[in-house]
Each structure stands twice: as structure tokens, then as C-alpha cells.
Amino acid sequence: METTRTVVSSASPMTNDIELMRDTRLVAHRSPATPDRMWATLPAALADLGLTGGPQAGQSRTYLASATGLRRQLNKVPLSRYLECGTTPSGAPGADVHLIRLQVTSIVEPDGQGSRLRTQVLARGTSVEGSTGTVDCATTGVLEARLAEALEMRLRQP
């Protein structure tokens, strides 16, 4: 877990500063597969979840998958299973109502006698119920777990 702290200072002595905290989760998955095999299998595992992308330029074994304009579901799974974006004024989970922009960064690294996949999910929602602005969404950890499962299932195939 990585925490980013931002302080917005007030120009007026009559108001207080605002402190914003944002936690970013980085989930690790270890596998006996070689880093090369895991790297070669990663795009198909991401596609199983409905995500596509490509290697990130200038980064060794870093894959960036993203989706924009998501509404309600990702590959037939409600977005609220993967993301926490607050609730709407009507009480619905924000992830299932907002227009979601999702970014999944996966890094494959050597790890002892196998490899390690580190995955970070970032998402932002835009209300479609009339209010303006965007909301940062937190991961529930389910998408990272499903990626690890899809990857291991594909690694077991000959």
C-alpha cells in the first residue's frame, strides 16, 4: 500500500488548509513460472478479464491495460465487484453508475525460482446522474485476484 499525501494551502488566514490522502494498492502474485513465460501469458490473461493493452514503453516487462467509457460491467462482471467509487445520491454503488476509466499496470519480475506479478489498479469515475466532476475509485482487490487466477490457469496449459 502506498499513500500519497497532498496539502492544499489556503491563501487566506481565515480558512484552513485541506489535506488529501490517497492510498494506492499494489498486489503481488508469485508463481513458479519463469518471468519470460509469465510475461508471454499476461496479455491473454488480461484479455480473459476484458482488458487489452500493451507493453509500456521504456519499462522492462511492464504491461499497461486500460479501458475507458466503462458503464456498469467489465466483461459481464459488475464494476462494483472490482471498484469502490462511493455511492450515488440514489444509493447505488458509484462504480455501477458512473462512467469509469480504468488502468491496470502489471509488472513481471524474477522472484527466487519463479516470478512475481505486481498489479496496480487505478480508476476514476465521472457521474452520469447530473453532478459534475470526477471521483477517484479504490480497488477492492478482486480484479487483481481474478487476474492471478486467469494467469495461473493459462500457465497450466501446455
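From a predicted model like this one, the values you see are computed outputs, not experimental measurements. Numbering of residues begins from 1 in every chain and follows the order in which that chain's sequence is written. Restriction of local features to residues with pLDDT of at least 70 applies here, the model being predicted, together with a cutoff of 80 or more for giving and counting side-chain atom pairs; totals for whole chains, interfaces and linings are based on all residues. Hydrogens and water molecules were not included; the side-chain quantities draw on all heavy atoms of the structure.

**Some thoughts on the side chain of D96**
Then step 1. Counting from the N terminus, the helices are the DSSP runs of H or I reaching at least four residues and the strands are the DSSP runs of E reaching at least two. Structurally, D96 can be placed in helix α3 (residues 94-97).
Then step 2. Between buried and exposed lies partly exposed: a residue is buried under 20% and exposed over 50% of the maximum accessible area for its type, with that area taken using a 1.4 Å probe on protein chains only. Counted as positive: Lys and Arg. Counted as negative: Asp and Glu, with His and the chain ends omitted from the count. Just to be clear on terms, a salt bridge is a Lys or Arg side-chain nitrogen sitting within 4 Å of an Asp or Glu carboxyl oxygen. We note that D96 is buried and unpaired, the nearest opposite charge coming from R72 at a distance of 8.2 Å.
Then step 3. The term polar contact refers here to a pair of N or O atoms within 3.5 Å; inside protein, the definition further demands a hydrogen-donor-capable atom paired with an acceptor-capable atom, and it admits residues adjacent in sequence only when both atoms are side-chain atoms. Within the structure, the side chain of D96 is placed 3.3 Å from the backbone nitrogen of L79, a separation counted as a polar contact.
Then step 4. Looking at D96, its side chain comes within polar contact range of the side chain of S80, at 2.8 Å.
Then step 5. Whether two residues touch is decided by their heavy atoms; if any such pair falls within 4.5 Å, the residues are in contact. If we skip the residues at most four places from it in the chain, D96 touches R72, P78, L79 and S80.

**Quick word on helix α4 (residues 142-156)**
Within an α-helix, residues lying three or four positions from one another point in the same direction, as the helix has 3.6 residues per turn.
Then step 1. Here the expected length of a helix is defined as 1.5 Å per residue gap, with one fewer gap than residues. Spanning 15 residues, α4 covers 21 Å between terminal C-alpha atoms, matching the ideal 21 Å at 1.5 Å per step.
Then step 2. Looking only at α4, the buried set comprises L143, E144, L147, A148, A150, L151, E152 and L155.

**Some details on the packing of helix α1 (residues 35-48) against α4**
Then step 1. Note on definitions: angles span 0 to 180 degrees between N-to-C directions of axes, and those axes are lines fitted to C-alpha atoms, for helices only across the stretch in contact. Where α1 meets α4, the closest approach of the two axes is 8 Å, and the angle between their N-to-C directions is 120°. Viewed along their axes, α1 and α4 adopt a mutual orientation that is oblique. Two packed elements cross with a definite hand, and for α1 against α4 that hand is right-handed. Contacts from R37, M38, T41, L42, A44, A45, L46 and D48 of α1 reach α4 at L147, A150, L151, R154 and L155. When an angle is under 35 degrees it counts as roughly parallel; over 145 it counts as roughly antiparallel; between 65 and 115 it counts as roughly perpendicular; any other value is oblique. Here is the rule for handedness: rotate from the far helix to the near one, and if that takes an anticlockwise turn smaller than a right angle the crossing is left-handed, while a clockwise turn gives right-handed.

**Some remarks on the pattern of salt bridges**
When the charged atoms of two side chains with opposite charge come close together, those side chains can pair.
Then step 1. Considering all chains together, one arrives at six salt bridges under this definition.
Then step 2. Note that R30 and D111 form a salt bridge whose closest N and O atoms lie 2.9 Å from each other. One end of the pair, R30, is in strand β3 (residues 26-31); the other, D111, is in strand β9 (residues 99-111), and 81 residues separate them in sequence.
Then step 3. Take D111: its relative accessible area is 24%, and that puts it in the partly exposed class.
Then step 4. Close ionic contact of R118 with E109 constitutes a salt bridge, the shortest N to O distance being 3.2 Å.
Then step 5. Overall, the relative accessible area of 23% leaves R118 in the partly exposed class.
Then step 6. One network of salt bridges, in which partners are shared, links E109, R116 and R118.

**Side note on the environment of E144**
Then step 1. Looking at the secondary structure, you find E144 in helix α4.
Then step 2. Assessed through its relative accessible area of 4%, E144 is described here as buried.
Then step 3. The sequence separation of E144 and R118 amounts to 26 residues, and the corresponding C-alpha distance is 9.0 Å.

In short, shape yes, function no, at least from these values alone.
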